[in-house]
Amino acid sequence: MRSLRNLVLRDKELAVLVFMTACVILVLYITLGQRLFSPTGLQSMSVQVSEFGFLALAMAIAMLTGGIDLSVAAAASLAGIMAALVMSGQIIPVTDENSGILFVLGIVAALVTGLLCGLLNGFLIAKISVPPILATLSTMILFAGIGMAITTGQSVPVLVPSFAQLSTSAVANIPLIFIMMVVAFLVVAFVLSRTRLGRRIYLFGENEVALRFSGVRSERVILMSYALIGILVGIAGIIMTSRANSMRVGVGDSYLLQAILVVVLAGFNPFGGKGRIISLAVGLVLLQLLSTAFNALMFSPYAKNFVWGAILLLVMVLNHFVRHWRLRQPPEKPAPPAPGHKEEVRPSPVTVLIPNR
Amino acid sequence: MQRRSLFRRTFDRPMTSMEKYLLAIILVYIVIVAVKNPQFFSLETLFDMIRNGSGIMILALGVLVVLISGGIDVSFTAIAIVSGYTSVRLMKVLGFDNLLFVILVAVVIGAVLGSINALLIHFFRLPTLIVTLGTASAFHGLMAIALGTKTYTAIDVPQSMLDFGSSSLLTISAERSQYSLSVFFLIVLACIVLTWFLLYRTMLGRMVFAIGSNEESASRIGISLLRTKLFVYCYSGFLSGLMGIIYFSGLSYINPVSLIGTELMIIAAVVIGGAKLTGGEGTILGAVLGIIIVQLFQSTLVFLGLGASWNNLFFGSVLMVSLGIMYYRQRQLNKRSLVFSSN
């Protein structure tokens, strides 16, 4: 019992999240039961979640550095367009012999595009010191513009037949792209928790100036993390293209809000330096369950949007209380809630800004 | 004694570098377009641009105030649609037709929604971008659930709004056609003057600049953060509500799912004009120039023989380059004066 208590107290946000997910699973199991938790239901859910999981992972890394990446969806669709262009036969005609080469070339094109997009963001943020929101806002418009100029808004079809199988094939009944996402999660979790780069990403989010003063080339950290984001975004683009077997501008745009939502839901601090990949995984499960349930209950997209927005606000308010939960216990000042003094347990940009009243 | 330039005499301040830069871009672009296609130089184009741009100009003023206060608001388009659509529906239910009523209701709804933003941001100390992302979809989703998303074509739009949309200040008759300066121009002008007055001639405006520059020190000198933020977001909501009605009247078509998704473009236009995200900086002229650039690209790429699909590419590159210049200069300055914070 005691160890459970310690476990809960060590990461309160994760505990709340796991509890919420368990409640949701229970409620859904009672109400929808067979439809949702049948093998085929789980399979289709795992396919849907993987398309979006890469974008969430990318957003999570950006938020760990104290930034945000508004360009993930636009960059993913640009990467997908590049892959689709290579495989559409518009540049190189598709024949039976070269389809294998084109398959590889398409994937390489998407990854390179994603990487370049990420590096452009990283360059703007690290070397020019443009705030991440603005840098990625401008690149978001730019990437969408490039995609639009190339395709004039038309959908680019993929003519290589094996490419669509990427998203439909399965290993032991587990969809291949779901396995890819799990591997990506494990790799990113390893990088963040066990490597020097990961440690520095957390430190950068915590206190950029201190990191620079301790002799770390912090600009390189930012470049590296946005390059990593770019690769993840490129993979997301490949999966999106493979699922639709075509690509056009603005396909994943609705994922932007959801990516931010799931990362905040998972307890990542938007000011940087805090958040765990395992929470992100739990958050993704929760979001996908809800999304599938809404589809089963035939919610309109606006109703879904409302729920997403409401959940985002609710979670942030809840996290606010959870963060200050123990700090409020000793009732020294009863009347107006004046959390200003007690909060400086972990000095962060947030607490510095808190006013004294 | 140097003679003071016209700009200095009118604005009582030197021109900021971003304003100069934007003005140069606009002039060069206009010259290029005019050389390529002399038809561009007509009153008709100008009047059209004023009419089409007046809505986003009003929104941009709200965005500017929020940016100066150090926040970023992405819910203003949702607020504009929600307040505009709700007030029209309310008027239809009540069964009468009055422009003043619909504007008043829209403005009040906008201000209330804005104050919800402000309260969330203030009491839970949440990042403004994420709060307003949440409220934007919550507000719009709630409206869509409660009222549905039925569109109204010109036949169903209230007559007073149709009249409002087509009324003009002056009409010029040419040999074949006639074009008119929309009454929106006057409203935009009034909003600009109001914003200028509030920002530069009232204590409230100075407080907005103060909390944008440094929230901590602003609260130490006795500025109420809650009241200032309430003002900022209410004002933004107020302008959004006004814009909602203008937008629907101008199009004479009411579509409750339009406009959403353009908010980042408008923020980008204001940012290009020199408003810093870190707050405390930004000029009305800069915001106006930023919107003019967006509007120019949107309506004149056709004159260059390029389709509308090139719009984002042009604007994105201009935005990226100007942000680069703006922040690179800041970075050099910080390096020289040994400032080590990120911005």
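Parameters and conventions
- Residues numbered from 1 in each chain as written.
- Chains lettered and ligands numbered in written order.
- Predicted model: local features only at pLDDT ≥ 70, side-chain atom pairs only at ≥ 80, totals over all residues.
- Heavy atoms only, no water.
- Helix = DSSP H or I, 4+ residues; strand = E, 2+ residues; numbered from the N terminus.
- Buried < 20%, exposed > 50% of the residue type's maximum accessible area, 1.4 Å probe, protein only.
- Contact = heavy atoms within 4.5 Å.
- Areas by Shrake-Rupley, 256 points an atom, 1.4 Å probe, with all protein chains shown as cover.
- Core = buried A, V, L, I, M, F, W, Y, C linked by side-chain atoms within 4.5 Å.
- Expected span 1.5 Å × (residues − 1).
- Axes fitted to C-alpha atoms, helices over the stretch in contact; angles between N-to-C directions.
- Parallel < 35°, antiparallel > 145°, perpendicular 65-115°, else oblique.
- Nonpolar A, V, L, I, M, F, W, Y, C, P; charged D, E, K, R; others polar.
- Salt bridge = Lys/Arg side-chain N within 4 Å of Asp/Glu carboxyl O.
- Buried area = accessible area lost by both parts, 1.4 Å probe.
- Polar contact = N/O pair within 3.5 Å; in protein donor to acceptor, adjacent residues only side chain to side chain.
- Arc of directions from axis to C-beta.

Novice: Help me out: how do you make sense of the overall build of chain A in this one?
Specialist: Summing up its helical and strand segments, chain A has 16 helices and 4 strands in all. For chain A, the residues scored as buried account for 54% of the 357 residues in total. Pairs at least 24 apart in sequence give 75% of the contacts found in chain A among residues at least 6 apart. When the accessible surface of chain A is split by element, carbon and sulfur atoms take 67% of a total near 16,200 Å².

Novice: Mind showing me how you'd approach the nonpolar core here?
Specialist: Core analysis: the biggest nonpolar cluster contains 209 residues, and Leu70, Leu137, Ile260 and Leu280 of chain A together with Ile267 and Phe315 of chain B have the highest contact counts within it. The leading source of residues in this core is helix α4 (residues 39–64) of chain A, at 14 residues. The contact partners of Phe315 of chain B, leaving out residues within four places of it in the chain, are Ile141 of chain A together with Met265, Ala268, Ala269, Ile272, Ile293, Val294 and Phe297 of chain B.

Novice: When you look at helix α5 (residues 72–87) of chain A in this model, what are you seeing that I'm missing?
Specialist: The α-helix advances 3.6 residues per turn, and as a result positions three or four apart in sequence lie on the same side. Residues and elements named next belong to chain A. For α5, with 16 residues, the first-to-last C-alpha span of 23 Å sits near the 22 Å given by 1.5 Å per residue. Counting buried residues in α5 gives 15 out of 16 residues, a clear majority hidden from the surface. Directly after α5, the chain includes Gly89, whose backbone phi takes a positive value near 80°.

Novice: Whenever I open this one, the packing of helix α9 (residues 176–194) of chain A against helix α12 (residues 218–244) of chain A confuses me. Can you help?
Specialist: Geometrically, a packed helix pair is captured by the angle between its two axes and the distance between the axes. Residue and element names in this part refer to chain A. The geometry of α9 relative to α12 is characterised by a closest axis approach of 12 Å and an angle of 175° between their N-to-C directions. By the angle between their directions, the pair α9 and α12 is classed as roughly antiparallel. Across from Ile177, Met180, Ala184 and Val188 in α9, the residues of α12 making contact are Leu232, Ile235 and Ile239. Taken together, the residues of the contact of α9 with α12 break down into 7 nonpolar, no polar and no charged.

Novice: Is there a simple way to think about the pattern of salt bridges in this case?
Specialist: Any two side chains of opposite charge can pair if their charged atoms end up close together. Per the counting criterion, the structure on display carries 6 salt bridges over all chains. A salt bridge links Lys127 of chain A to Glu219 of chain A; the shortest N-O distance between them is 3.3 Å. With Lys127 of chain A in the loop between α6 (99–126) and α7 (132–151) and Glu219 of chain A in helix α12, the pair connects residues that are 92 residues apart, well separated along the chain. Given the relative accessible area of 33%, Lys127 of chain A is considered partly exposed. Note that Glu208 of chain A and Arg212 of chain A form a salt bridge whose closest N and O atoms lie 2.9 Å from each other. One end of the pair, Glu208 of chain A, and the other, Arg212 of chain A, are both in helix α11 (residues 208–213), 4 residues apart, so they sit about a helical turn from each other. If you follow the salt bridges from partner to partner, you end up with Lys127 and Glu219 of chain A together with Arg331 of chain B in one network.

Novice: Just checking my understanding: could you explain the interface of chain A and chain B for this structure?
Specialist: Interface size is often expressed as the accessible area that is lost when the parts come together. Contacts between the two partners involve 54 residues from chain A, matched on the other side by 51 residues from chain B. Summed over both partners, the interface of chain A with chain B comes to about 4,500 Å²; 76% of that surface belongs to carbon and sulfur atoms. At the boundary of chain A and chain B, one finds 1 salt bridge. Here chain A and chain B share 4 residue pairs in polar contact (both at pLDDT 80 or more) between them. Of all the secondary structure elements, the ones that give two or more residues to the side of chain A that touches chain B are α6, α7, α11, α13 (255–265), α15 (301–323) and α16 (349–353) of chain A.

Novice: Explain α9 of chain A to me, please; I cannot follow it from the model alone.
Specialist: Residue and element names in this part refer to chain A. With 19 residues, α9 should reach 27 Å at 1.5 Å per residue; the first-to-last C-alpha distance of 26 Å fits that figure. Where α9 is concerned, the buried positions are Ile177, Met181, Ala184, Phe185, Val188, Val191 and Leu192. In an axial view of α9, the angular spread of the buried residues amounts to 135°, which keeps them on one side of the axis. Across α9 from its buried face, at more than 90 degrees, point the exposed residues Leu186 and Arg194. Elements in contact with the buried residues of α9: α4, α8 (161–168), β3 (174–175), α10 (196–206), α12 and α14 (277–296).

Novice: How should the environment of Ser214 of chain A be read in this particular structure?
Specialist: All names here are of chain A. Mapped onto the elements, Ser214 comes out in the loop between α11 and α12. According to the relative accessible area criterion, Ser214 is exposed, its value standing at 53%. Distance in space between the C-alpha atoms of Ser214 and Ile239 is 40 Å, their sequence separation being 25 residues.

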